[in-house]
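Structural characterization, general
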There are 2 protein chains.
Amino acid sequence: MTAVDTLIHSRWIAPVEPATTLLEYHSVVIHEGRILDILPTGEALTTYNASVEHSLDRHLLIPGLVNTHTHAAMSLLRGLADDLPLNEWLNDHIWPAESRWVNEEFVHDGTQLAMAEMLRSGTTCFNDMYFFPDVTARAAAHCGMRANVGLIVLDFPTVWAHDADEYISRGLAVHDQYRGDPLIRTLFAPHAPYTVSDKPLERIRVLADELDIGIHMHVHETADEVDRAIELTGKRPLERLHGLGLLSPAMLAVHMTQLSTAEINQYAASGGHLVHCPESNLKLASGFCPVQTLSAAGINVALGTDGAASNNDLDMLGEMRSAALLGKAVGADASALPAHTVLEMGTLNGARALGIDADTGSLLPGKWADITAVCLDTIETQPVYNPVSQLIYACGREQVTDVWVAGRHLLKERRLTTLEGNDILERTRDWRNRISSG
Amino acid sequence: MTAVDTLIHSRWIAPVEPATTLLEYHSVVIHEGRILDILPTGEALTTYNASVEHSLDRHLLIPGLVNTHTHAAMSLLRGLADDLPLNEWLNDHIWPAESRWVNEEFVHDGTQLAMAEMLRSGTTCFNDMYFFPDVTARAAAHCGMRANVGLIVLDFPTVWAHDADEYISRGLAVHDQYRGDPLIRTLFAPHAPYTVSDKPLERIRVLADELDIGIHMHVHETADEVDRAIELTGKRPLERLHGLGLLSPAMLAVHMTQLSTAEINQYAASGGHLVHCPESNLKLASGFCPVQTLSAAGINVALGTDGAASNNDLDMLGEMRSAALLGKAVGADASALPAHTVLEMGTLNGARALGIDADTGSLLPGKWADITAVCLDTIETQPVYNPVSQLIYACGREQVTDVWVAGRHLLKERRLTTLEGNDILERTRDWRNRISSG
């Protein structure tokens, strides 16, 4: 018998790799934070001797969900201004509220609220873009969640920096601070083509290349963005980014609802990744991202919720469902985006986009034990003919019972182990009272 | 002090009538199953003396949700065949499974599973279409839920009847049986234009008129349906229904994803109601129902989940959210279908379509006390700037705590009071094993 840290026995496991695999009555063996083995439970019991053992006999185990586009701290602005178009929402509500309220305390409290919600809905890793990325990184590291913090860059001054050079230098300091951290990674996050000019974008390209980190950017979110760019620069934003050398495997372009066939082919050839945010695109009436066409062109499509101020949640289970439903309708093909494919988008494809798929995104021996358990034995998901179908089409976030990140049990029978839920709620109510009366 | 049955004190109440009203710190007074009064809690405490009092100080009260299109018993086939186009799904999977398995026991057990799910997600009333409507009616009456059972009619034989005449005569017997029942009503439910021929449709029109009941029918669900009808009859289905005199305020046309401007105007002029099923339309890639345009034309648009075999749930909170998100994208207008409008679609508009809006669908004195309470003080729906926005865009079914139908407390702090959840789960697992191995 080999001594190991943890054994999880599960009714079903969808490891995502190999694709579309479904294991029954198997166990995951965890040692020193990583998956050591996955094997039939009968064999596991005679092979391994674990310090901790979990029997999840009504559950499906999946890789922890990877939310590839968030503005975590904006959870404090959830529902502040709904049912408005993107420009009015940003210019008249969100940006004024941010300039009034965002500070280190806001980012800390908002990120904790967001992480509590993400863990409670099965997400183990998020890719963020916001001010004070150092605060986000510290909160995530303290909680034990895997985070990719965006080193945000804008042309105009905010509470975080005065000009593009200062954004970049403060970002580089955060990058240095977390270099080699097992949970925290950094990416450049130039906000969008319409908020960052050529010079900083060129500098970001060179630096991202030197540091071997990604570039996380909103691109072609709305038709209006494209039209305005043509007016101002004579070019569509993707054409401009291509000219600046930014289209490469380092790029994570978010939204991409406005794409010509030539642009799809060009982006596929560049090796860039795409982050699809279906609910945000719907709610802001931004347009439809042609996911099936993009995947068929060979583009790696990951999924993100966007911030809770626009979505209005950080629930990747719900986002996978919306992606599956919308992908069929937009592709005019009910067999498009089947359940297994969407689960891959919500896990492994996100890890690929972030360059961490050797370490997470699927349940394979050698990878970190980033694992989510959902109970399928409820009124809402019975009968179970196909567990992955139930996961995508019927399962709610409340059915997530347990979450591990690098083997650490962060959600335990729905209880957060590294965050104080009541304390977070109290601080959230305080922020609400301040912001409402301000 | 006036003696009454029940007082519910609530942090917020969205009564739906008057439109967009939000009450704070008010109480609902219930007596003999009906709403007697709604007034500030301070006044309620000095005016009424209640046998039972509930203090819901973190909750929003809304009218019970009205699911205006279901096939309740099909919950037993949830997830049996996903990611398939409508015709293949129906012809190769659902219809064969139904002809093999559907009987009175199946309908009873499936309806109980469906009602448990609906009550747990805040629905108090459903409009069903399925075989053995007598069994559905009996199960609903026994549970205490409000149900509108469809007297299904098809041209071809099934376990319920051999030909259209027998469907109609069996339906009329169910109608007679439940005449005057406070919870159960009947509607004719000719399945679809492509499954019911002219003669039975004409008879249904005459009978519906005589009995003063509605007609619940799938219409223009897919482009394929319309194309085939033109091939076979030379007419689009709506044109044929118009010729048969079926377009009237008695009609509840479900789906309606394929509509010309002329058809929209004609349907609006007829006074017919429309039941929008956004998730089913997306999942089966049936097409997009232009809800904003239909509402603007004056058509009453209600909401339905469709059966759990196609959706795959009966969660009206989720369906309202999908309707709001999709309506904005399809209308290319982020201000389309705002939260209050969608709540009205999910409650009062359903009651209107069913002809029961004098008795339910909003929280007004005199109406039955059909009420749903949701707790908004969770990680997922804090902060609360706008309770109705939180309800539509962030709230999950798990936040429904209490449900009353005609003043009877059917869900009490998430516990079903008239259904046995464990027993339902056990029978559901049994059906799953039988159907899978068959």
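Residues numbered from 1 in each chain as written. Chains lettered and ligands numbered in written order. Predicted model: local features only at pLDDT ≥ 70, side-chain atom pairs only at ≥ 80, totals over all residues. Heavy atoms only, no water.

This part is about the pairing of strand E7 (residues 146-153) of chain A. Residue and element names in this part refer to chain A. When you tally the buried positions in E7, you get 8 out of 8 residues, the bulk of the element. The alternating pattern of E7 places Arg146, Asn148, Gly150 and Ile152 on one face and Ala147, Val149, Leu151 and Val153 on the opposite face, and all of these are buried. Two strands pair when backbone bridges link them, and strand E6 (residues 123-130) and E7 are joined in this way by 6 bridges, in the parallel orientation. Each bridged residue has a counterpart across the sheet, and for Cys125 the counterpart in E7 is Arg146. Viewed along the sheet, the connection from E6 through helix H4 (residues 133-143) into E7 turns out right-handed. Here E7 pairs with strand E8 (residues 184-190) via 7 bridges, running parallel. Bridge assignment links Ile152 to a residue of E8, and that residue is Ala189. (Buried < 20%, exposed > 50% of the residue type's maximum accessible area, 1.4 Å probe, protein only. Helix = DSSP H or I, 4+ residues; strand = E, 2+ residues; numbered from the N terminus. Pairing = 2+ DSSP bridges. Right-handed = clockwise from strand over helix to strand, strands pointing away.)

Residue and element names in this part refer to chain B. Taken together, the 8 strands give an open sheet; going across it, the order is E3-E2-E1-E4-E13-E14-E15-E16, and neighbouring strands pair in mixed fashion. On the outer flanks of this sheet lie strand E3 (34-40) and strand E16 (415-416), each paired with one strand and no other. With 3 bridges connecting them, strand E14 (residues 400-405) and strand E15 (residues 408-412) associate as antiparallel partners. Within E15, the residue paired with Val403 across the bridge is Leu411.

Take the packing of aromatic side chains next. The final tally for this structure, using the stated rule, is 9 aromatic pairs over all chains. Here Trp95 of chain A and Phe156 of chain A contribute two aromatic rings whose centre-to-centre distance is 6.0 Å and whose plane-to-plane angle is 65 degrees, an arrangement assigned as edge-to-face. With Trp95 of chain A in helix H2 (residues 86-101) and Phe156 of chain A in the loop between E7 and helix H5 (164-177), the pair connects residues that are 61 residues apart, well separated along the chain. On the basis of relative accessibility, which here comes to 28%, the residue Trp95 of chain A falls in the partly exposed class. Positioned above the aromatic ring of Trp368 of chain B, the side-chain terminus of Arg34 of chain B is 3.8 Å from the ring centre. Across from the ring centre of Trp431 of chain B, 3.9 Å away, lies the NZ or CZ of Arg434 of chain B, which sits over that ring. (Phe/Tyr/Trp six-rings, centres within 6.5 Å; stacked < 30°, edge-to-face > 60°. Lys NZ or Arg CZ within 6 Å of the ring centre and 35° of its normal.)

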